[in-house]
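A look at the structure
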Amino acid sequence: MAAWDLSVTVEDLGPDTPPVTLSVTSDLHVGGVILKLVEKTQIKRDWSDHALWWEQKQRWLLRTAWTLEKYGIHADARLVFMPQHKPLKLGLPNGITLRLRACFSNPVFQTVIGICRMLNIRHPEELSLLRPLEEKKKKKDKDSTVEIYDLTEVPLSSVSRPCLYNGMPAHFADSPQMEAIYKMLSVTQPPPAPEVIAKQYRPASVVDKAHINGRWLDSSRCLMQQGIQENDKLWLRFKYFAFYDIEPKYDVVRLTQLYEQARWAILLEDIDCTEEEMMLFGALQYHISKVSQSEPQLLSSSAAMDDLESALQSLEVKMEGESSSASEMLENMTAPELNDYLKIFRPKRLTLKGYKQYWFKFQDTSISYFKSKEESIGEPIQQINLKGCEVAPDVNMAAQKFLIRLLIPAPEGMNEVYLRCENEQQYAQWMAACRLASKGKSLADSSYQSEIQSIHSFLAMQKTNSGSHGNAAASDESINTHSLVSPRYHKKYKAKQLTPRILDAYQNVAQFSLTEAVMRFLQIWQALPDFGLSYVVVRFKGSRKDEVLGIAPNRLIRIDLGVGDVVKTWRYNNMKQWNVNWDIKQMAIEFEGNVNIAFSCVTADCKIVHEFIGGYIFMSTRSREKSDTLNEELFHKLTGGHEAL
Amino acid sequence: IINNHYEEIDAPSAEEDSDKEDQDLDKMFGAWLGELDKLTQSLDDGRPEQSPQQKAPLRQETNMANFSYRFSIYNINEALNQGENVDLDALMADLCSIEQELSTINTKPNSAGGMARLGLTDTKVHTHTHACTQISVYNFCCCCHCVCVQEEQAAKLKAENIRVALEKIKEAQVKKLVIRVHLSDESSKTMMVDERQTVRQVLDSLLEKSHCGYSPDWSLVETINELQMERIFEDHENLVENLLNWTRDSQNRLMFTERIEKYALFKNPQNYLLGRKETCEMAERNKEALLEECFGGSSVSVPEMEGVLWLKEDGKKSWKKRYFLLRASGIYYVPKGKAKASRDLVCFLQLDHVNVYHGQDYKSKYKAPTDYCMVLKHPQIQKKSQYIKYLCCDDVRTLQQWINSIRIAKYGKQLYINFQEAMRRTEAAYDWSSLSSSSIKSGSSSSSLPESQSNHSSQSDSGVSEMTSAGHTRSQSVVSSIFSDAWRRGTQGEV
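Given the structure is predicted, the values throughout are model-derived calculations rather than measurements.

Let's shift gears to the overall build of chain A. Across its full length, chain A carries 19 helices and 26 strands. Evaluated residue by residue, chain A yields a buried proportion of 51% over its 645 residues. Considering only contacts in chain A between residues 6 or more positions apart, those separated by 24 or more positions represent 61%. Carbon and sulfur atoms make up 50% of the accessible area of chain A, which totals about 30,700 Å².

All names here are of chain B. With respect to topology, 12 strands assemble into an open sheet ordered β2-β1-β5-β3-β4-β10-β11-β12-β6-β7-β8-β9, the strand pairing being mixed. Only two strands of the sheet have a single neighbouring strand rather than two, namely β2 (188-194) and β9 (346-349). When the angles between neighbouring strand axes are averaged without regard to direction, this sheet yields 40 degrees. Both strand β4 (residues 229-232) and strand β10 (residues 355-359) contribute to a ladder of 2 bridges, which runs antiparallel. Each bridged residue has a counterpart across the sheet, and for Glu230 the counterpart in β10 is His358.

Let's shift gears to the domain arrangement of chain A. Here the domain parsing of chain A yields domain 1 (4-83), domain 2 (87-135 + 144-239 + 242-295), domain 3 (338-443) and domain 4 (534-640). Here the C-alpha centre of domain 4 of chain A lies 41 Å away from the C-alpha centre of domain 1 of chain A.

Time to look at helix α9 (residues 275-294) of chain A. An ideal rise of 1.5 Å per residue puts 28 Å on 20 residues; α9(A) measures up with 29 Å between its terminal C-alpha atoms. Most of α9(A) is tucked away: 16 of the 20 residues are buried.

Examined against the element boundaries, B:Thr223 turns out to sit in strand β3 (residues 218-224). Ignoring any residue separated from it by four or fewer positions in sequence, one finds B:Thr223 in contact with B:Met229, B:Glu230, B:Asn252, B:Arg253 and B:Met255.

Residues and elements named next belong to chain A. An order of β8-β12-β6-β7-β9 is seen for the 5 strands of this open sheet, with the pairing classed as mixed. Only two strands of the sheet have a single partner each, and these edge strands are β8 (127-130) and β9 (148-150). Pairs of neighbouring strands in the sheet enclose a mean axial angle of 45 degrees, with direction left out of account. Judged from the 4 bridges that link them, β8 and strand β12 (residues 233-238) form a sheet pairing that is antiparallel. Pairing of Leu130 across the sheet is with Trp235, part of β12. Sitting on the sheet, helix α3 (residues 108-119) touches β6 (85-91), β7 (97-103), β8 and β12, and the angle it makes with β7 is about 130 degrees. Relative to β9, helix α5 (residues 176-186) is tilted by about 125 degrees, and along the sheet it contacts β7 and β9.

Before going further, it helps to examine the nonpolar core. Residue and element names in this part refer to chain A. Residues Leu119 and Trp525 are the most contacted members of the largest nonpolar core, which totals 116 residues. Top element by residues in this core is helix α18 (residues 606-625). It accounts for 9 residues. Those residues in contact with Trp525, other than ones at most four positions away along the chain, are Phe241, Phe243, Leu258, Ala262, Ile266, Ile271, Phe281 and Phe531. In terms of nonpolar packing, the next biggest core, distinct from the first, is built from 35 residues, Ile408, Trp430, Ala432 and Ile452 among them.

This brings us to the UniProt feature "domain: PH" (unreviewed entry) in chain B. Listed under "domain: PH" (unreviewed entry) in the UniProt record, and renumbered for this structure, are residues 302-411 of chain B. Here residues 302-411 of chain B is 19% helix and 35% strand, with 10 Å between the C-alpha atoms at its ends.

Our focus in this paragraph is the confidence of the model for chain B. Residue and element names in this part refer to chain B. Averaged over chain B, the pLDDT score is 68; the fraction of residues at 70 or greater is 53%. Counting contacts from residues 1-26, a segment whose pLDDT is below 50, to residues more than four positions away or on other chains yields 45 contacts. Predicted confidence is poor over residues 106-151, with pLDDT under 50, and the contacts of this stretch with residues over four places away or in other chains come to 84 contacts. Quick note on the complex model: pTM equals 0.76, ipTM equals 0.84.

This part takes up the packing of aromatic side chains. Two aromatic rings are characterised by how far apart their centres lie and by the angle between their planes. Tallied over the entire structure, the rule returns 45 aromatic pairs over all chains. Seen from their ring centres, A:Phe345 and A:Tyr355 are 5.0 Å apart, and the 45 degrees between their planes marks the pair as tilted. Pair noted here: A:Phe345 is in strand β13 (residues 338-345) and A:Tyr355 is in the loop between β13 and β14 (356-363), with a separation of 10 residues, a long-range link. A:Phe345 sits in the partly exposed class, given a relative accessible area of 22%. A connected cluster of aromatic rings, assembled from ring pairs, spans A:Trp216, A:Tyr240, A:Tyr572, A:Phe612 and A:Tyr616. Between A:Arg45 and the ring centre of A:Trp47, over which it is positioned, the NZ or CZ distance is 5.0 Å. Residue placement shows B:Arg231 over the ring face of B:Tyr357; its charged tip is 5.8 Å from the ring centre.

All names here are of chain A. Per the counting criterion, the structure on display carries 50 salt bridges over all chains. Of the charged contacts, one joins Asp218 and Arg221 as a salt bridge, the two residues approaching to 3.4 Å between their closest N and O atoms. Under the relative-accessibility criterion, Arg221 is labelled partly exposed at 36%. For Asp251, the salt bridge is made with Arg254, and the minimal N-O distance between the two is 3.0 Å. Taken individually, Asp251 and Arg254 each receive the classification buried, so the pair is uniform in this respect. Through salt bridges that share partners, Arg122, Glu125, Glu126, Asp245, Asp251, Arg254 and Arg622 make up one connected network.

All names here are of chain A. Within helix α19 (residues 632-639), the full set of buried residues consists of Phe635, His636, Leu638 and Thr639. Each buried residue of α19 lies within a common arc of 165 degrees when the element is viewed along its axis, so the set occupies one face. Pointing more than 90 degrees away from the buried face of α19 are the exposed residues Glu633 and Lys637. Gly641 occupies a position one or two residues after α19 and carries a positive phi of about 75 degrees.

Now for a positive patch on the surface. Together, A:Lys57, A:Arg59, A:Arg63 and A:Lys70 make up a region of like positive charge exposed at the surface. Its place among the elements puts A:Arg63 in the loop between β4 (59-61) and α2 (68-71).

Quick notes on the rules
For every chain, the first residue of its written sequence is number 1, and the numbers climb from 1 along that sequence. Starting at A for chains and at 1 for ligands, labels are handed out in the order in which the entities are written. A pLDDT threshold of at least 70 governs which residues receive local features in this predicted model, and a stricter bar of 80 or more applies before side-chain atom pairs are shown or counted, although totals over entire chains, interfaces and linings include all residues. Side-chain calculation: all heavy atoms of the structure are included, whereas hydrogens and water are not. Counting from the N terminus, the helices are DSSP H or I runs at least four residues long and the strands are E runs at least two residues long. For every residue, the accessible area obtained with a 1.4 Å probe (protein chains only) is divided by the maximum for its type, and the residue is called buried under 20%, exposed over 50%, and partly exposed between those limits. The contact rule is simple, with two residues in contact once any of their heavy atoms fall within 4.5 Å. Here the Shrake-Rupley method, with its probe set to 1.4 Å, supplies the accessible areas, and only the displayed protein chains count as covering residues. Strand pairing follows a simple DSSP-based rule, namely that at least 2 bridges must link the two strands. To define axes, lines are fitted to C-alpha atoms, for helices over the stretch in contact only, and angles between the resulting N-to-C directions are given on a 0 to 180 degree scale. Annotation comment: domain bounds sourced from an automatic or database domain assignment. A helix's residues, less one, multiplied by 1.5 Å, set its expected span. The term nonpolar core refers to a set of buried residues drawn from Ala, Val, Leu, Ile, Met, Phe, Trp, Tyr and Cys, joined through side-chain atoms within 4.5 Å. UniProt positions are given in the numbering used here, feature names are shortened, and annotations may be inferred rather than shown by experiment. How sure the predictor is of each residue is captured by pLDDT, a score from 0 to 100. Ring geometry is summarised as follows: Phe, Tyr and Trp rings, the Trp one being its six-membered ring, pair when their centres sit within 6.5 Å, and such pairs are stacked at plane angles under 30 degrees, edge-to-face over 60 and tilted between the two. Only when the NZ atom of a Lys or the CZ atom of an Arg is both within 6 Å of the ring centre and within 35 degrees of the ring normal do we say a charge sits over the ring. For this analysis, a salt bridge means a side-chain nitrogen from Lys or Arg found within 4 Å of a carboxyl oxygen belonging to Asp or Glu. This arc is taken over the directions from the axis of the helix to the C-beta atoms. Candidate patch residues must exceed 30% relative accessible area and have no salt bridge, after which like charges are joined if within 9 Å and Val, Leu, Ile, Met, Phe, Trp or Tyr side chains if within 5 Å. Neither His nor the chain ends contribute to the count of charged residues, in which Lys and Arg are positive and Asp and Glu negative. A charge is said to be at NZ when it belongs to Lys, at CZ for Arg, at CG for Asp and at CD for Glu.

And the structure:
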């Protein structure tokens, strides 16, 4: 067979070095070419990650047993010999940018699996990569370069064998710097300054939201094929909003990043919510940031959980806790009381009397009051059981107003009672007692002290807000409440107006642990009506105007752009089949009962829409299989289209 | 001596007794009266400062203990006034089963017993429960007065059982309530529930006693006559807690009846979860998939309910239209002149503190546009109040969709768990009934029966083994201990 010249550029030799020319025959296999090439460069190094990239055809020559003839390579082919793993700048949901080595030769689906394995995120199938928004280059922003945390030194071999050391993957335990990066991944970020939120791009309409979905990379093709270069920046985001088997013990990074993505979605109004919901989200963010600052032992504590002994110990404690009703009884018996002079006012009573002072006694879940301390041995003027009542704060630090508003259910309706306290200390004690009593817990409950603490810390927050203004530095106690809500509310309320509203919502979450609070945040996020909807602008067959298709984990919805209403819903459950006509870029879906729809995609490639639908169907199969191994083949079958098969 | 009597009257033996002694019933009650009077006295003697008559000198806005006191008195009194037969036999059976349960609890850890004794000394909580125990005694006394006849030897055993049972109850500090359950045929049943029992447990024991055929639709329904509204208690709710919201003079009723709307949501989920306007059919496997999708995940999404409803204006008889939306965080409405964007919605109410009731005949009561009304109120509110919110739907379908969606928003996955549990009970009941047509015996009595037979066969054994077997049968049912007692007496007579 005739020999001919094949020229190969070796990337490691530098851009100015001319290609290496090899004399080959068409029946030489790719492995042979590489061998010849390496011999000719006379460089001794580990070439195992290197492979040949065929520039004109935009494909890797990964099958080393295939011959040049089988690949269809002739003398005019421009081949590049380069590593399959290259550095990539990766923006995480929490806003941090990493630099790490990602695979440029496998389908993006596998690249994401590799990245997630390095970062210790389970269920990588729920995430994907997308091209970031172009950052507007402003002159004043030039000097403020984003810090990039480097993970490129992590040996690829250690990533493929994940083993936990001290609760984190071994490669993070190597040095204090690496440990610091892992902490960045697994601990929530402090609330952003209000100006930072205001500066970020916010989608103003459904169409704006639809545009972001045109940026997802194709999971069935590799990074090189999609024009991604070494050191390019990509975003890693949760793409499929069907979160499988969240286990706080193993999912520290996953939960943290999910929380961050949800938090930003709410702060930037990527997902709509009501004012009440926004206040609750704000309260949870405040609580999460506070607890994560005071609980820096998150990593080691979860690491300790891996230890069998400590796991058993915690089990013991748990069981003791469950069977401790007898000891609880004992605790109740010696129940502490609160005794003090307070002022009471009943707004609904038709009397013109204002606040009157009495001697108050808080015992068990009831408040009783007497004319004076001396008369407290006798019968009280009234006894009020607070079980099941609503408690609301009415506090103004500047005016030294400490009011507890009680709404007490009674057969005749709700009784409104205000209790006025003299100072912060008294207020915190009585407020905490009221809060516990409303849930049927007495002062003896173990959460009483922490309840008092959380009331104090929130009062402190109001103090700093009403005091020196504009200092956005988030020290551990003071947070500008504007950091917790979307810019819409920056305009609507001043920080000191916002504080009592968030305080109100905060009462119901103050007792949560960090994990509980994060889980609660995610739960409320998932319960929003628009949760999980990814929008694409489409043109339905036979229609003359653009409409929006919303893709949810369980259904497709058609939204009229003019009115903004949902016109029609189709559920995957009654979907029979879907087809893509790649030539005319049209999707056709058939549902049970002879329902057929067809549309072309405007703001995203129809591969993206196809992948979304197939991906969600793939996600729904996971619960049935119950195995830990990811059925990659099935994913590609459902999402790849004819190209992959 | 008392400690050796770990006895229980279970359903079959109680029936047997009542058959035999039907005519002697009156006499028996007399015996109880005597015993119980003694008991109350002895209790009072022990702790004179806590006698029930001195209870509640305080003016209290809401006092649970007081309510339970009033409540049980009310029920018994009402029954007596109407001259109905109070099913005291059944009550006693309840008491006895409670006693047995307690004896098994108490014999387990020594420390628990110690705690219980400690608990008797003082403090608010304990006085309450203590009072309740005595109240039950008191109830027995007052009804026994009405049917009072002379003492009778045969009844002494029962009275003794009750006494032991009551003492055990007192020891365990469990609050008991004598309740009256109305059946759909205008009859009623009196039974005892303890404060820990869920609605499901009470339903189970009612079903077991009433032989009315299992179905997941059996419900306990609270009807508030004064407000003309009712609510089906959810299976996971605590019954006593709910009943304690009733006032002393309450005309409220607790109904035991079959309600298809209780679990209609799960039988035809397509009519509730998909936000469709029209009723439709769905294949069973699709229903299952739909339920799994909605309730199987980590978070339950609330059905998208929205639309125009009529809202009764505070204090007026007029109703005005508003566009309402249901979200997981509460019920909202769209303010006038605004689009229904989430951020512009006004919160109508949050669901944490309110329950949803079905308003009845509001067309004539409140001039409602239709009779398809729902009411949202705090469970403790029992009288007309501005804090009660009335909403009216155009048709029954919309009403049912709203009520069920609110239930989902309030209880989430728990609702589905309740349904699955109810279905399991129904299936189990069918399995049982195929084995025997009679009532189902309790697991403990049937399992201990073989042991009592082995006692009989060991007739010729020495006294030593007899002792050990007696010690062994401590926790056994009344059947076995009655047998062994009789047998012991019999052998003694022989010797």
